[in-house]
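# Reading the structure
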Amino acid sequence: MPALTLDTPTGAFTLIERDGALISARWGGERGQDETPLLLEAARQVAAYFASDDADFDLPIRIDGSAAQQAACAAMSAIPRGETRTYGAIARELGVSAQAMGQLCGRNPIPLIVPCHRVLGTNGLGGFSAPGGVETKVWLLRHERAGGLLI
């Protein structure tokens, strides 16, 4: 599958596409050098995200996973930049436990673009699976000017 890696302030970030849609993104790992039109546009939008505090993503994505995973990713994608939601609030909306929502969030196949970093615990940040863990989550939230408790 075509993949393209770019360097970001939070580390190397690789975008992966299949059949005209992004299906995966990850920090670290093997570096991809494919330059398809979609990957170049995705890289441009990721660079714009890191260069600005108001850039949004508008890319075709496909979540390969269970119906619950797809619903969780849709709910995370609906969180506007600069805002956060709790695992519990999304869990109630989806009819799953907060713990299940945390697991679904942790299995997000397209982090950053599907903004799992905008999901917080009721009494804290919750986890984050990128290198740097919650420090990366805090960096992203500060960059977005989200979560007044962090700034």
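Please refer to the structure higher up on the page.
Residues numbered from 1 in each chain as written. Predicted model: local features only at pLDDT ≥ 70, side-chain atom pairs only at ≥ 80, totals over all residues. Heavy atoms only, no water.

## A word on helix α1 (residues 37–51)
Across its 15 residues, α1 extends 21 Å between first and last C-alpha, which sits within 8% of the 21 Å expected from 1.5 Å per residue. Residues of α1 that are buried: L38, L39, A42, A43, Q45, V46, Y49 and F50. For α1, the buried positions fall inside an angular range of 165° around the axis, keeping them on one side. Turned more than 90 degrees away from the buried face of α1 sit P37 and A51, all of them exposed. Packed against the buried residues of α1 are β1 (3–8), β2 (11–18), β3 (21–27) and α5 (134–143). (Helix = DSSP H or I, 4+ residues; strand = E, 2+ residues; numbered from the N terminus. Expected span 1.5 Å × (residues − 1). Buried < 20%, exposed > 50% of the residue type's maximum accessible area, 1.4 Å probe, protein only. Arc of directions from axis to C-beta. Contact = heavy atoms within 4.5 Å.)

## Things to note about the environment of L104
Looking at the secondary structure, you find L104 in helix α4 (residues 98–106). Sequence separation between L104 and L140 is 36 residues; the distance between their C-alpha atoms is 20 Å.

## Details of helix α2 (residues 67–77)
Three or more residues of α2 are buried, namely Q69, A72, C73, A75 and M76. Across the axial projection of α2, the buried residues extend over an arc of 160°, all falling on one side. In this structure, the buried side of α2 is in contact with α3 (87–94), α4 and β5 (119–120).

## A closer look at the pattern of salt bridges
All told, the structure shown has six salt bridges when counted by the stated rule. Notably, a salt bridge pairs E41 with R44, separated by 2.7 Å at the nearest N-O pair. Placement of both E41 and R44 in helix α1 is noted, with a separation of three residues, approximately one turn of the helix. Of the residues examined, E41 reaches a relative accessible area of 29% and is grouped as partly exposed. Since its relative accessible area comes to 48%, R44 is described here as partly exposed. Salt-bridge contacts for E93 lead to R85; the nearest nitrogen and oxygen are separated by 2.9 Å. The class of E93 is exposed, set by a relative accessible area of 51%. Judged by its relative accessible area of 27%, R85 falls in the partly exposed class. (Salt bridge = Lys/Arg side-chain N within 4 Å of Asp/Glu carboxyl O.)

## Section: the sheet that holds β1
Taken in spatial order, the three strands make up an open sheet running β1-β2-β3, and their pairing is antiparallel. With one partner strand each, in any of the chains shown, β1 and β3 form the two edges of the open sheet. On average, each strand axis in the sheet is inclined to that of its neighbour by 25°, with strand direction left out of account. As paired elements, β1 and β2 share six bridges and run antiparallel to each other. Within β2, the position partnered with L6 by the bridge is F13. Lying over the sheet, α1 contacts β1, β2 and β3, oriented at roughly 15° with respect to β1. (Pairing = 2+ DSSP bridges. Axes fitted to C-alpha atoms, helices over the stretch in contact; angles between N-to-C directions.)

## A short note on the pairing of β3
For β3, a buried count of six out of seven residues is recorded, marking the element as mostly surrounded by other parts of the structure. Across six bridges, β2 lies against β3 in antiparallel orientation. By the bridge assignment, F13 is partnered in β3 with W27.

## Describing the side chain of H143
Mapped onto the elements, H143 comes out in helix α5. Residue class for H143 comes out buried when judged on its relative accessible area of 15%. A distance of 3.2 Å separates a polar atom in the side chain of H143 from a polar atom in the side chain of R81. (Polar contact = N/O pair within 3.5 Å; in protein donor to acceptor, adjacent residues only side chain to side chain.)

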